[in-house]
Amino acid sequence: MESIVRFLVLLGCLTFSSQISTPADDYYWAGVVEFDYTDKEDLPPANYTAQAIQRYASIINSVEADPVDILVFPEYGLSSSEMASFVPDPRDRIAPCNLLHYEPVVRDMSCLARHRRKYLVVNLVEKARCPEPFDDRPCPSDELYRFNTNVVFDRHGTVIGKYRKFNLYDEGGLNITAIPEIVSFETDFGVTFGTFTCYDLIFEEPAIQMVRNGVTDFIFTSMWFSQLPFLTAVQIQQAWAYANNVNLLASGASQPDLGSTGTGIYAGRRGRIVSVMNHKAEEKLYVARVPKRDRFGLPLEQQPKIQFTPSEMDDLKLKRDAIDIYETELLPMESNSSYRKTLCQNGLCCDFALNYTVLEVEPDQDFYRYRFAVREGRRVFNGNREGLISVCAIMACSGDTLETCAVRFPNSSTVANSVLFNGLHIEGVFSGSAQMFTLPNSVDTSLLPLEVDKFEYIERVFTDDFELMKEIQFRLLEPRQDLLTFAIWGRKFVRMNSGCKANKISVLLLFVVTVFSIIRSKI
C-alpha cells in the first residue's frame, strides 16, 4: 500500500507551479483547506494515514492550487499517535523527501512541496526522543515524546519550521514542551509567518506573544470544537485577526456532526477575504490573494459570502460555554425606543444602550429571548485549563432562564426572529489593560460573525490611580434581527495568584507599549 501511495504522490508532482510571488509584489497567494475527517475513526491508523497522504497530494496537485505560494492543511489531518513521525530540526535545513530513515508521511510531504514549489504547512503527530536538551521532566516508558506539531516545508521540501502545540485540548497521550515555543519562518515572497495550533488562539503564549514581537501574518491549524455563545470557529478566527490587525490563514477540520468546521483567510481589521462554516463535511481548498501588511491602501478582493441557512446549520453540533456563573438579566420583550441597563460583576460594569422592536411571532413558532450578561473572573477551559475572562454581552436564549442561553432550538425551521435591534451599544471599562486582550465578538443564526463594516469597535487606554485601564465601545451600525451573540470578549493574561500592583515606572512603560500597540493596530 505504501509503495502505491508514494507512486501516486510522485506521479501527481510532475505538474509544476509557474506562479511565484516576490518581495516586490503587493500581494501573495494563500490556500487553506477544509478537510473531511469523517472516516478517520473507521480506518486502522496506517490505512488512514496512507489514504490521507493520497488525498493531500490530490489537493496539492490540483489546478486550483496552481497560483498558491503557501498552502495550509488543518490539525490532525495526517496521522495519529500510532503513526507518529520523526521530523528534522529546522536548524539542520534537511529536505527529507528521499531520506528513508524518515517516515513516509514526512518524506511525501517534503516531495510534494519540492515538486510543486510551494510552501506547505501540515499538522501531524511527531515523535521525538526523550529527554530533550534542557528538559528534566520524566520520560514516557518508551522514551519517546509525542507532540501535536505543525511542520513547515519550503519550496525545496526543506523543513524550515516546526511548532509543537502547547495548549492542548483534551489530547490524551500527547506531550507539551517545557515552555511554549515561539516559531516563525521567512518566505521568499517577503512575508514572515508565525504559526500556532487550535486552542493556542485563546492563550497568551505563543500566539499573542508573536503579535507583540511584530509578526503580522499567521498560520493557524485547527480541529476546533465550536461552542456558543462566544467561541464558534469563524467567529473567533475573524475576531482574533481583527483585534490584532494581522493576516490569519486558518485551516479547519471538517466533521460538523462532531462540532468541527471553520476555515478562512482574514485581513486584519479589513475582515475576511474568504471564510466558511459548514453543515456537512467538506474537502475543499480555498484560495485567496492576500494583501501584505506593510503595504497601505491596497484593494481587498473579498470573495462572496458563503452562508447557509439556520436550518441547514442544525446539522452542526455545538458545545455550550460555562455561562451559568455570569451575572445576567433578561431583556424585556416589549418594544423600546430607548432602553439602558448597567450590569456588574466583580468590579467589571457593562453599560448597554438599546433601541429595539419586538416582532410578531405565530403561536406555533419558537423564538429567542435575550439576556444581558457580564463576567469578570475565572473560566475553566475544557476541564483542564483555567484562565481569567472579562465579558460584556447580549446573548440569545431558547427560554426565559439562564440555562437556556447559548442553546439553539433543535429545529431552526420553526424559529422566528423575535427582536429587531435598531440600535445596540455596549460599553465597558476593563482593568489591567497591559495584560488584557479584548476583541469584538458576534455571531448570527447562520453561525457567522457580522461583517466588519456592520459594527464599530473602539478601544481607549487610560490610567486610573496608576493602573492601566481600557475603555471599549462596541456598536451595531445597522438593524439586525438574527443575532445570537453581540459581545466584548476578553482574556486577562495574569498569573491566577497574582495580586501585586505595578509601580509607577512599570505602569508608564506598559502604557507606552499598549498605546504603541493600539496605534499600530489602526494603521
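All values derive from a computational prediction rather than experimental measurement.

Thresholds, definitions, all that
Residues numbered from 1 in each chain as written. Predicted model: local features only at pLDDT ≥ 70, side-chain atom pairs only at ≥ 80, totals over all residues. Heavy atoms only, no water. Helix = DSSP H or I, 4+ residues; strand = E, 2+ residues; numbered from the N terminus. Rg over C-alpha atoms; globule rule 2.2 N^0.38 Å. Buried < 20%, exposed > 50% of the residue type's maximum accessible area, 1.4 Å probe, protein only. Contact = heavy atoms within 4.5 Å. Areas by Shrake-Rupley, 256 points an atom, 1.4 Å probe, with all protein chains shown as cover. Lys, Arg positive; Asp, Glu negative; His and termini not counted. Charge placed at Lys NZ, Arg CZ, Asp CG, Glu CD. Phe/Tyr/Trp six-rings, centres within 6.5 Å; stacked < 30°, edge-to-face > 60°. Pairing = 2+ DSSP bridges. Axes fitted to C-alpha atoms, helices over the stretch in contact; angles between N-to-C directions. pLDDT = per-residue confidence, 0-100. Disulfide = S-S within 2.5 Å. Salt bridge = Lys/Arg side-chain N within 4 Å of Asp/Glu carboxyl O. Parallel < 35°, antiparallel > 145°, perpendicular 65-115°, else oblique. Nonpolar A, V, L, I, M, F, W, Y, C, P; charged D, E, K, R; others polar.

### Observations concerning the overall build of the chain
Here comes step 1: Within the chain, the regular secondary structure consists of six helices and 26 strands.
Here comes step 2: Scaling as 2.2 N^0.38, a compact globule of 523 residues should have a C-alpha radius of gyration of about 24 Å, and the chain matches this with 23 Å.
Here comes step 3: With the C-alpha coordinates aligned to their principal axes, the bounding extent of the chain is approximately 70 × 60 × 50 Å.
Here comes step 4: Residues classed as buried in the chain amount to 58% of the 523 residues present.
Here comes step 5: Put simply, of all contacts in the chain between residues at least 6 apart along the chain, 73% involve residues at least 24 apart.
Here comes step 6: Accessible surface, the chain as shown: approximately 21,200 Å² in total, 52% of it carbon and sulfur.
Here comes step 7: Positive and negative side-chain charges in the chain, numbering 53 and 67 respectively, have mean positions lying 5 Å apart.

### Concerning the packing of aromatic side chains
Here comes step 1: Under the criterion given, the structure shown has 30 aromatic pairs.
Here comes step 2: With a centroid separation of 5.2 Å and 35° between ring planes, the pair formed by Tyr28 and Phe189 is classed as tilted. Here Phe189 lies in the loop between strand 6 (184-186) and strand 7 (192-197) and Tyr28 lies in strand 1 (residues 27-36), a separation of 161 residues in the sequence. Pair check on accessibility: Tyr28 and Phe189 agree, each one buried.
Here comes step 3: With centroids separated by 5.0 Å and ring planes inclined at 50°, the aromatic side chains of Tyr368 and Phe409 adopt a geometry described as tilted.

### Topic: the sheet that holds strand 17 (residues 348-358)
Here comes step 1: Read from one edge of the open sheet, five strands run 16-17-22-25-24, paired in antiparallel fashion. Single-partner strands in this sheet number two, and they are strand 16 (336-345) and strand 24 (455-464). Ignoring strand direction, the axes of neighbouring strands in this sheet form an average angle of 15°.
Here comes step 2: Taken together, the nine bridges between strand 17 and strand 22 (residues 419-431) define a ladder with antiparallel strand orientation. Note that in strand 22 the partner of Phe352 across the bridge is Ile426.

### Describing unusual backbone geometry
Here comes step 1: Residue Pro131 is bonded to the preceding Cys130 through a cis peptide linkage, with omega at 5°.
Here comes step 2: Following the sequence through the fold, Pro131 ends up in the loop between strand 3 (119-129) and strand 4 (144-153).
Here comes step 3: For the peptide bond that leads from Leu228 to Pro229, omega is 5°, which places it in the cis range.
Here comes step 4: Following the sequence through the fold, Pro229 ends up in the loop between strand 9 (227-228) and helix 5 (233-244).
Here comes step 5: One non-glycine residue, Asp170, lies in the positive phi region at around 55°.
Here comes step 6: Even without a glycine there, the phi angle at Leu447 is positive, about 65°.

### A short note on the confidence of the model for the chain
Here comes step 1: Of the residues in the chain, 91% reach a pLDDT of 70 or more, and the chain-wide mean stands at 91.
Here comes step 2: Low confidence marks residues 497-523, where pLDDT is under 50. Its contacts with residues over four positions away, or in another chain, come to 32 contacts.

### Here's the deal with the sheet that holds strand 26 (residues 483-492)
Here comes step 1: Here five strands make up an open sheet; going across it, the order is 15-19-20-26-23 and the pairing antiparallel. Of all the strands in the sheet, just strand 15 (327-330) and strand 23 (436-444) have a single pairing partner and so form its edges. Going across the sheet, the axis of each strand differs from the next one's by a mean of 10°, ignoring polarity.
Here comes step 2: Two strands pair when backbone bridges link them, and strand 19 (residues 369-381) and strand 20 (residues 385-397) are joined in this way by 13 bridges, in the antiparallel orientation.

### Observations regarding the state of the cysteines
Here comes step 1: In the structure shown here, the tally under the stated rule is five disulfides.
Here comes step 2: What pairs with Cys130 in a disulfide is Cys139, and their sulfur atoms sit 2.0 Å apart. Judged by the sign of its S-S torsion, about -90°, the bond between Cys130 and Cys139 is left-handed.
Here comes step 3: Classification of Cys130 by relative accessible area gives buried; the value is 9%.
Here comes step 4: A relative accessible area of 32% means that Cys139 is categorised as partly exposed.
Here comes step 5: The connectivity of the disulfides in the chain is 1-2, 3-4, 5-6, 7-8, 9-10, where the numbers refer to bonded cysteines in sequence order.

### Some remarks on the pattern of salt bridges
Here comes step 1: Evaluation of the coordinates by the stated rule reveals 31 salt bridges.
Here comes step 2: Notably, a salt bridge pairs Glu376 with Lys492, separated by 3.2 Å at the nearest N-O pair. Within this pair, whereas Glu376 is found in strand 19, its partner Lys492 is found in strand 26, the two being separated by 116 residues in sequence.
Here comes step 3: Residue classification places Glu376 among the buried positions, given a relative accessible area of 14%.

### A look at the packing of helix 2 (residues 45-60) against helix 3 (residues 104-116)
Here comes step 1: Put simply, helix 2 and helix 3 touch, their axes get as near as 11 Å, and they point 10° apart. Comparing the axis directions of helix 2 and helix 3 gives the class roughly parallel. Contact with helix 2, carried on its side by Thr49, Ile53, Tyr56, Ala57 and Ile60, involves Pro104, Val105, Asp108, Met109, Leu112 and Arg116 of helix 3 and no other residues of that element.
Here comes step 2: When the residues that make up the contact of helix 2 with helix 3 are grouped by side-chain class, the tally is eight nonpolar, one polar and two charged.

### Comments concerning the pairing of strand 20
Here comes step 1: The buried fraction of strand 20 is high, at 11 of 13 residues.
Here comes step 2: Direction of pairing for strand 20 relative to strand 26: antiparallel, over a ladder of eight bridges. Bridged to Ile394 within strand 26 is Phe486.

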